[in-house]
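# Examining the three-dimensional arrangement
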Amino acid sequence: MGFQDILAAIDIITGPDPALSILAVSIVVAPALLCLCKQALARFYKADIFVVALAFVALFASVRLSLLWLTGVASVFLAVCLLALPANYFWCAQRLDDIVGKADPSLPDCDYVAAFRLMNSVDRDRLSRRQLACLDKDRIFCNIYLGNNGVAKRMLEDENLEPAFRHFALHIIADSACDRAGSQAELESALAEISDKTDPFIKVQLWHNRAVGYIVNGQFKVADDEFKKTYREAKRLGVRNKSFLLLLFENATLNKTKIGLPDGGIEEGWGLIEECEKALAPIGPNDFGQLFNLRLLFMRQIGASIEDRNKLYLAEVESTLSNASLSEQQRVVAMASLGRIAWADGLDPAPVLNFFEGCDRFLCVSDPDARYYAHMNLRAMLSGLAVDDRSLNTLAESVMRYFKDGDAEHDLDVMEDGLPPEAILRRSQVLRERAALALMVGENVERAVSYTDEAIGLLEGSLQVMAALECRWQLARLTLYDKPEVAKMQLSIAEERLATLNKQPSLGYPYLEMSLCYALLGMRAECRGAYERAAGFETPMSHYAPGIRINITAAAFCARFYMLTEMLGNPEEVCPLLKTREGRAWLSRYPKVSSLSKTLLCGKFLGYGDVVPAMTRLFLDEAGKLYAETWLVVQEIGLAFDLDSRKPGEEYGLVVEIQRHPLVADDDALARVAVQHGYTVLGARLDLCNEDLLGVDDAAAVFDVLDALGILAEGRVPTLEDIMKSYLESCVDVPAGGWGTFAER
């Protein structure tokens, strides 16, 4: 039907009078516009349709009244407005795609801060209902990824959100807030609400998280079946998010080692890694590094030899150097990361060192984040090398200049200046880096405490309780000596909140760190209690960086030392187990026995053999007689164990950092006190002690008491085997071989 036919039909109804026909069309259009005002459309669409209606009425009137100029104007208006509707829709769709591109962690240019800014720049009045719903979902998840959980939780109060999505987001927020029960309840609610309207990506994440829950509960076979189902459904639903697939395959692969397969899950684990590589196709530059990390993680889990891990590592180095798709900045950052991996795993650092020698690779690194963390990784690698090579010293000096000359602080300033207030996790990370930098360049404890305290406030104010807990035990470590009451309070809060998380696999490490803090505070029962709680979590030592491994080993030594002091403080339990007169006489005089005999007893109880490392401080009395105080030192973990020292009003037995032992920390103060008692202070020296230095009676007594203590300690953690295993995995050099003078300290 043509336009003239429409006019003829209107004439039949209204008659030939143009005014009546124009009035009739207006009467038809007016209710339609009133109905439009009540629809939940964006303002842009309402305004545009309103203008279209007016332009149509004007066009109709111009034709009826034969006003050619009005016909031309109305036609142009009508055409422009009709074109504006799809143009606006597709323009907004492109903006939303840009946001998704920035918020996808599987893409190389993922940047949640940039995604957040794009979201704020979108005019909500120009979005369709479906586009607005997508934007709100993206905004909620972006806030969660930025750490702004409080805002995200308030946004989730909108009842119009799809139920499964809403409960899934609340599940993530509860997990970050250490609300284990709440997290599980929200997960179950989300699973129950899954429907055809649920986003497929949300569905597979829910099934994956249910499988992880089975792992937490020790149901490894059930988890394995759930991971298989999740991957089948991900393929069926067309879910291709690479970050999710990598996480799914990582958890499924590591779980294979726990389901009781004859070969420990090795064959099926490698099969899953091959399947993961197929699932990620086409492989991008970022995917190679992720697959390498997955392979290395699995090799650590199955206890692969250092030679095998070194082969994998060297192949990754070669791939990084030859990959033409990487920019020079990406290559520098990747090589620095590989240097840190070499430090963490005791692998061959030579290719990384060769890459950075001879020229300033950082001239091409313009991004402050990349430059800062690349220098941090190089610093970690270089800290594990004992070398005399002049070029390596030059590299080390260049790296340290970056931190000491203010370049690192400038990069942190730039990183922080570019962050919106909503970027809680990134801002707190910058604060923690500032704290580390303050200690690195100036030993400024007050500034470090201030930065860490501010980070805790940011995190807890945004319901990031788990991240705040890590800051709390770091703050406790910073305040151990200057503000012990603050340290005790931080540890108490952290332990109280950790208790709500039950048996999550990641909790062993925090308890070990807290055990070490308690030990250095002299809190014996708390030290051993935290270690015993950590013993229920089995995480291979190879998953931790060297610094953390040493702290874990230190915690084991401390817990066993305080087990020793407890048993020596209860002679009525030890005495019935003694077999010799010398042993009973020694125990009856304890603690007033020779410091050398106590040092040997302590060293052997902590796992040393014939020779025990010790430090001795010599004194000279007024008659010219030498007097010696001896205590155990374990240089690999930086701690001294002294059965002669104590805090006022407490039992004998103290753990201190080696340089903080009362007899070496302040020579001038020690000399003043010694003079008051008629002694002259002589030097302190490291010794290797053995039973030959003891008298016959003391030697017999030490071994008798040691046997009795071994019987009492049977079955209590840490066992002697725990101590030695931890020591061998963290403090003994096991280099991959083949790089000459380069070796881990």
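Everything discussed here concerns the structure shown above.
### Examining the overall build of the chain
- Across its full length, the chain carries 33 helices and five strands.
- Within the chain, the proportion of its 745 residues that are buried is 47%.

### Notes on the pairing of strand β4 (residues 654-657)
- Neither face of β4 is open: one carries Leu654 and Val656, the other Val655 and Glu657, and all of them are buried.
- In terms of strand pairing, strand β3 (residues 639-642) meets β4 through four bridges, oriented antiparallel. Looking at β4, one finds that Ala640 is bridged to Val656.

### Structural notes on helix α5 (residues 112-121)
- Those residues of α5 lying buried are Tyr112, Val113, Ala115, Phe116 and Met119. Down the axis, α5 shows its buried residues gathered within 160° of arc, on one side only.
- Two to three positions downstream of the cap, the backbone nitrogen of Val113 sits 3.0 Å from a side-chain oxygen, assigning the N-cap of α5 to Asp111.

### Some remarks on unusual backbone geometry
- The amide bond that connects Ala281 to the next residue, Pro282, takes the cis arrangement and shows omega of 0°.
- Position of Pro282 relative to the elements: it lies in the loop between α13 (266-279) and α14 (285-301).
- Residue Tyr590 is joined to Pro591 through a cis peptide bond whose omega torsion reads 10°.
- Relative to the assigned elements, Pro591 resides in the loop between α29 (581-589) and α30 (595-605).
- Even without being a glycine, Leu463 presents a positive backbone phi close to 65°.
- The partly exposed category is assigned to Leu463, whose relative accessible area is 27%.

### Focus on the packing of aromatic side chains
- For the structure shown, the criterion picks out 21 aromatic pairs.
- On the basis of an interplanar angle of 90° and a centroid distance of 5.2 Å, the ring pair of Trp270 and Phe298 is categorised as edge-to-face. Of this pair, Trp270 sits in helix α13 while Phe298 sits in helix α14, placing them 28 residues apart in sequence.
- Note on Phe298: relative accessible area 0%, which makes it buried.
- Following the ring pairs from residue to residue traces out a cluster consisting of Tyr112, Phe141, Tyr145, Phe165 and Phe168.
- The ring of Phe165 carries the charged tip of Lys137 above its face, separated from the ring centre by 5.1 Å.
- Cation over ring: Arg660 sits above Tyr481, and NZ or CZ is 3.7 Å from the ring centre.

### Re the sheet that holds β4
- Taken together, five strands build an open sheet; the order of strands is β4-β3-β2-β1-β5 and the sheet is antiparallel. Each edge of the open sheet is held by one strand with a lone partner, namely β4 and β5 (679-689). The average undirected angle you get between the axes of adjacent strands in this sheet is 30°.
- As defined by bridge partners, strand β1 (residues 612-621) adjoins β5 across nine bridges and the pair is classed as antiparallel. Residue pairing in the sheet places Met615 in a bridge with Leu686 of β5.

### A few points about the nonpolar core
- Ranked by size, the top nonpolar core spans 76 residues in total, and within it Phe557, Phe561, Leu568, Leu639, Phe641 and Leu709 carry the most contacts.
- For this core, the leading source of residues is helix α27 (residues 546-568), giving 13 residues.
- Leu639 has contacts with Leu516, Leu520, Ala554, Cys558, Leu632, Val633, Val634, Val655, Val656, Glu657 and Ile658, leaving out every residue within four places of it along the chain.
- One finds Leu96, Leu338, Val352 and Met381 within the second-largest nonpolar core, a separate group that totals 58 residues.

### Topic: the pattern of salt bridges
- Tallying each qualifying case throughout the model produces 33 salt bridges.
- Glu446 is the partner of Lys483 in a salt bridge, and the nearest nitrogen-oxygen pair spans 3.6 Å. Of this pair, Lys483 sits in the loop between α23 (465-478) and α24 (484-498) while Glu446 sits in helix α22 (residues 445-461); the two residues are 37 residues apart in sequence, bridging distant segments of the chain.
- On the accessibility criterion, Lys483 (32% relative accessible area) is partly exposed.
- Here Glu566 makes a salt bridge to Arg716, at a shortest N to O gap of 2.8 Å. Linking Glu566 in helix α27 with Arg716 in the loop between α32 (696-713) and α33 (720-730), this pair joins segments that are 150 residues apart in sequence.
- The class of Arg716 is partly exposed, set by a relative accessible area of 25%.
- Several salt bridges share partner residues, and in doing so they unite Asp224, Lys228, Lys256 and Glu268 into one network.

### With respect to the side chain of Ser726
- With respect to the secondary-structure elements, Ser726 resides in helix α33.
- On the accessibility criterion, Ser726 (8% relative accessible area) is buried.
- There is a polar contact of 2.7 Å between the side chain of Ser726 and the side chain of Thr553.
- Excluding anything up to four places from it in sequence, Ser726 contacts Met541, Ile552 and Thr553.

### Some details on the packing of helix α18 (residues 368-383) against helix α20 (residues 407-417)
- Two elements in contact, α18 and α20, have axes separated by 9 Å at closest approach and are oriented at 140°. Classed by the angle they form, the pair α18 and α20 counts as oblique. The way α18 lies across α20 gives a crossing that is left-handed. Contacts between α18 and α20 involve Pro368, Asp369, Arg371, Tyr372 and Tyr373 from the first element and Ala408, Asp411, Leu412, Val414 and Met415 from the second.
- Residue composition of the contact of α18 with α20, by class: seven nonpolar, no polar and three charged.

### Regarding the environment of Gln429
- Tracing the chain through its elements places Gln429 in helix α21 (residues 424-442).
- Judged by relative accessible area, Gln429 falls into the partly exposed class, the value being 28%.
- Sequence spacing of Gln429 and Thr452 is 23 residues, and the spatial spacing of their C-alpha atoms is 9.5 Å.

### As for α30
- Burial analysis of α30 places eleven of its eleven residues in the buried class, the great majority of the element.
- Taken residue by residue, α30 has Ser595, Leu596, Ser597, Lys598, Thr599, Leu600, Leu601, Cys602, Gly603, Lys604 and Phe605 as its buried positions.
- Downstream of α30 by a residue or two, Gly607 has a phi angle that is positive, lying close to 110°.

### Considerations on the packing of α27 against α33
- The interhelical angle for the contact between α27 and α33, taken along N-to-C directions, is 155°, at an axis separation of 9 Å. Taken together, the axis directions place α27 and α33 in an arrangement best described as roughly antiparallel. In this structure, the crossing between α27 and α33 has a hand that is left-handed. Contact residues: Arg549, Ile550, Ile552, Thr553, Ala556, Phe557 and Arg560 in α27; Leu720, Ile723, Ser726, Tyr727, Glu729 and Ser730 in α33.
- Grouping the amino acids of the contact of α27 with α33 by side-chain chemistry returns seven nonpolar, three polar and three charged.

### Some words on the state of the cysteines
- One pass over the full model with this rule turns up zero disulfides.
- The thiol sulfur of Cys527 is not disulfide-bonded, and the nearest other cysteine sulfur, from Cys558, lies at 5.5 Å.
- Classification of Cys527 by relative accessible area gives buried; the value is 0%.

### Considering the side chain of Glu629
- Within the secondary structure layout, Glu629 lies in strand β2 (residues 626-634).
- It turns out Glu629 is buried and unbridged, and the closest side chain with the opposite charge, Lys598, is 6.6 Å from it.
- Polar contacts involving the side chain of Glu629 include one to the side chain of Tyr627, which spans 2.7 Å.
- Setting aside residues no more than four positions away along its own chain, Glu629 makes contact with Ser595, Met615, Thr616, Arg617, Phe619, Asp644 and Leu663.

What counts as what
Starting from 1, residues in each chain are numbered consecutively following that chain's sequence as written. Predicted model: local features are reported for residues with pLDDT of at least 70 only, side-chain atom pairs are reported and counted for 80 or more only, and whole-chain, interface and lining totals are derived from all residues. Side-chain measures were taken over the full set of non-hydrogen atoms in the model, leaving aside hydrogen atoms and water. Where helices and strands are cited, they refer to DSSP runs of H or I of at least four residues and of E of at least two residues respectively, numbered from the N terminus. For every residue, the accessible area (1.4 Å probe, protein chains only) is compared with the maximum for its type, and the residue is labelled buried under 20%, exposed over 50%, or partly exposed between those bounds. Paired strands are those between which DSSP finds at least two bridges. Working note: the arc is built from the helix axis to C-beta atom directions. For this analysis, a polar contact is any N or O atom pair within 3.5 Å, provided that within protein one partner can donate a hydrogen and the other can accept it, and provided that sequence-adjacent residues contribute only side-chain to side-chain pairs. Between rings of Phe, Tyr and Trp, where Trp is taken as its six-membered ring, a pair exists when centres lie within 6.5 Å; planes separated by under 30 degrees are stacked, by over 60 edge-to-face, and by other angles tilted. Whether a charge lies above a ring is judged from NZ of Lys or CZ of Arg, which has to be within 6 Å of the ring centre and within 35 degrees of the ring normal. Whenever a helix is involved, its axis is fitted only over the stretch in contact; in every case the axis is a line through C-alpha atoms, and angles between N-to-C directions fall within 0 to 180 degrees. For our purposes a nonpolar core is just a set of buried Ala, Val, Leu, Ile, Met, Phe, Trp, Tyr and Cys residues, chained together by side-chain atoms within 4.5 Å. Residue contacts are counted whenever heavy atoms from the two residues lie within 4.5 Å of one another. Salt bridges are identified by distance alone: a Lys or Arg side-chain nitrogen within 4 Å of an Asp or Glu carboxyl oxygen. Oblique is the label for any angle not under 35 degrees, not over 145, and not in the 65 to 115 range, which are roughly parallel, roughly antiparallel and roughly perpendicular in turn. By convention, the crossing between two helices is left-handed when the near helix turns anticlockwise from the far helix through less than a right angle, and right-handed when the turn is clockwise. Three categories are distinguished: nonpolar for Ala, Val, Leu, Ile, Met, Phe, Trp, Tyr, Cys and Pro, charged for Asp, Glu, Lys and Arg, and polar for the others, with Gly belonging to the last. What counts as a disulfide here is a pair of cysteine sulfur atoms lying within 2.5 Å. Counted charges follow a simple rule, with Lys and Arg positive, Asp and Glu negative, and His plus the chain ends left uncounted.

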